[in-house]
Amino acid sequence: MQPVDLALCLAVDVSASVDFDEFGLMIGGYAAAFRDPALVAACTAGPRGAIAVAMLFWSGTWPSMRRTAVPELAVPWMRVAGAEPAEALAAAIEAAPRLPQPGATALGEGMAAGLALLARCPAEAARLVLDVSGDGRHNQGPPPGLVRDAGVAAGVTINGLAVLNEEPDLLEHYRAEVIGGPGCFAMDCPDYAAFAAAIRAKLGREIGAPLLAAGNIAGAPSV
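Nothing here was measured: the structure is a model prediction, and the numbers come from that model.

Here is what the cut-offs are and how they apply
Residues numbered from 1 in each chain as written. Predicted model: local features only at pLDDT ≥ 70, side-chain atom pairs only at ≥ 80, totals over all residues. Heavy atoms only, no water. Axes fitted to C-alpha atoms, helices over the stretch in contact; angles between N-to-C directions. Helix = DSSP H or I, 4+ residues; strand = E, 2+ residues; numbered from the N terminus. Parallel < 35°, antiparallel > 145°, perpendicular 65-115°, else oblique. Left-handed = near helix turned anticlockwise from the far one by under 90°. Contact = heavy atoms within 4.5 Å. Nonpolar A, V, L, I, M, F, W, Y, C, P; charged D, E, K, R; others polar. Phe/Tyr/Trp six-rings, centres within 6.5 Å; stacked < 30°, edge-to-face > 60°. Lys NZ or Arg CZ within 6 Å of the ring centre and 35° of its normal. Salt bridge = Lys/Arg side-chain N within 4 Å of Asp/Glu carboxyl O. Buried < 20%, exposed > 50% of the residue type's maximum accessible area, 1.4 Å probe, protein only. Polar contact = N/O pair within 3.5 Å; in protein donor to acceptor, adjacent residues only side chain to side chain. Lys, Arg positive; Asp, Glu negative; His and termini not counted. Arc of directions from axis to C-beta. Pairing = 2+ DSSP bridges.

## What to know about the packing of helix α5 (residues 107–119) against helix α6 (residues 144–153)
In the contact formed by α5 and α6, the axes pass within 8 Å of each other and the chain directions differ by 20°. In terms of orientation, α5 lies roughly parallel with respect to α6. Of the two possible hands of crossing, α5 and α6 adopt the one that is left-handed. Contacts from Leu107, Gly108, Met111, Ala112 and Leu115 of α5 reach α6 at Pro144, Val147, Arg148 and Gly151. Its residues assigned to classes, the contact of α5 with α6 comprises six nonpolar, two polar and one charged.

Below, the structure is given as structure tokens:
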């Protein structure tokens, strides 16, 4: 794969708190975002004219996930360099398995898997970003804060989107335990009905203009 301006791993919560309809709204929101002409333009606006994107589903710890056949990799690395590859990515996201599996919320383990996926990106990337979305606090596996610190040390920026339908104060957990790295930020949305607009805004912020100085938008207010 040719070099890219950004390698972006989308780490998506599919734990027991996400029902079938909510999963559809979430996945539909990601797909719609990559069909947005403004977002596609942002993907191609950098010096290398492209970004690389992969999607990971996470739930409980990996041994539990294997028993329940939750896929680790929902969408393999794809290079987005224009409208046609962006449409191919959107279609691949829509084709991902649509049945969330029962399980706890192993947020730290999901983040660790996302960092490992970034390390395996087949394209040399100027920036590495882990995009975490979910509707619950970590309750199984390694603490997310430790994983976050390892990712930041490896040069990864970790951003979060907290869906507040289950836990109204989840944004604070994401700010304290999930996000890190240059320009990191956390956002929220009230429920999955609002997810599409929120993830479009989040992806635009991640993909768009070059990062500001380290920490300049860390812990920024939710939008």
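## Focus on the packing of aromatic side chains
In this structure the tally under the stated criterion is three aromatic pairs. Ring pairs connect the aromatic residues Tyr30, Tyr192 and Phe195, which therefore count as one cluster. The ring centre of phenylalanine 185 lies 4.0 Å from the NZ or CZ of arginine 205, which sits over that ring.

## A short note on the pattern of salt bridges
Applying the stated criterion across every chain, the model contains ten salt bridges. Between arginine 48 and glutamate 124 there is a salt bridge, with the nearest N and O atoms lying 2.5 Å from each other. Here arginine 48 is found in the loop between α2 (37–43) and β2 (51–58), whereas its partner glutamate 124 is found in the loop between α5 and β4 (125–134), with 76 residues between them in sequence. Relative accessible area serves as the criterion here: at 46%, glutamate 124 is assigned to the partly exposed category. Between glutamate 167 and arginine 137 there is a salt bridge whose closest N-O contact spans 2.8 Å. Separated by 30 residues along the polypeptide, glutamate 167 in the loop between β5 (156–163) and α7 (170–177) and arginine 137 in the loop between β4 and α6 bring together distant segments of the chain. Classification of arginine 137 by relative accessible area gives partly exposed; the value is 28%. Taken together, the shared-partner salt bridges in this structure form one network comprising Arg35, Glu87 and Glu94.

## Remarks on the side chain of glutamate 206
With respect to the helices, strands and loops of the structure, glutamate 206 is situated in helix α8 (residues 195–207). Assessed through its relative accessible area of 2%, glutamate 206 is described here as buried. In this structure the side chain of glutamate 206 is engaged in a polar contact, spanning 3.1 Å, whose partner is the side chain of asparagine 159. With sequence-adjacent residues up to four places away left out, glutamate 206 is seen in contact with Leu6, Leu8, Arg127, Val129, Asp131, Asn159 and Phe185.

## Structural notes on the side chain of aspartate 5
Structurally, the position occupied by aspartate 5 is in strand β1 (residues 4–13). For the buried residue aspartate 5, which engages in no salt bridge, the nearest side chain bearing the opposite charge is arginine 48, 4.9 Å off. A distance of 3.0 Å separates a polar atom in the side chain of aspartate 5 from the backbone nitrogen of arginine 48. If we ignore the near neighbours within four places in the chain, the residues touching aspartate 5 are Gly46, Pro47, Arg48, Gly49, Ala50, Ala126 and Arg127.

## Here we look at the packing of helix α1 (residues 20–33) against helix α4 (residues 83–94)
Following both chains from N to C, one finds α1 and α4 inclined at 175°, their axes separated by 8 Å at the closest point. With respect to α4, the element α1 is oriented roughly antiparallel. In contact with Ile27, Tyr30 and Ala31 of α1, α4 contributes Ala90, Ile93 and Glu94. Looking at side-chain class alone, the contact of α1 with α4 contains five nonpolar, no polar and one charged residues.

## Some remarks on α6
Residues of α6 that are buried: Pro144, Gly145, Val147, Arg148 and Gly151. The arc that holds every buried residue of α6, seen down its axis, measures 160°, which confines them to one face. α6 presents Leu146 and Ala153 as exposed residues on the side facing more than 90 degrees away from its buried surface. Where α6 is buried, its residues contact α5, β5 and α7. Directly beyond the C-terminal end of α6, a positive phi value near 90° is found at glycine 155.

## With respect to the sheet that holds strand β3 (residues 73–80)
Overall, mixed pairing links the six strands, which are arranged β3-β2-β1-β4-β5-β6 in an open sheet. A single partner strand is all that each edge strand has here, and the edge strands are β3 and β6 (186–189). When strand polarity is set aside, the average angle formed by the axes of neighbouring strands in this sheet is 15°. Of the pairings in the sheet, the one linking β1 to β2 comprises eight bridges and is parallel in character. In the sheet register, leucine 10 faces β2, and the bridge partner there is methionine 55. Running over the sheet, α5 touches β1, β2, β3, β4 and β5 and is turned about 155° from β4. The strands that α8 touches are β1, β2, β4, β5 and β6; relative to β4, the one it contacts most, it runs at about 160°.

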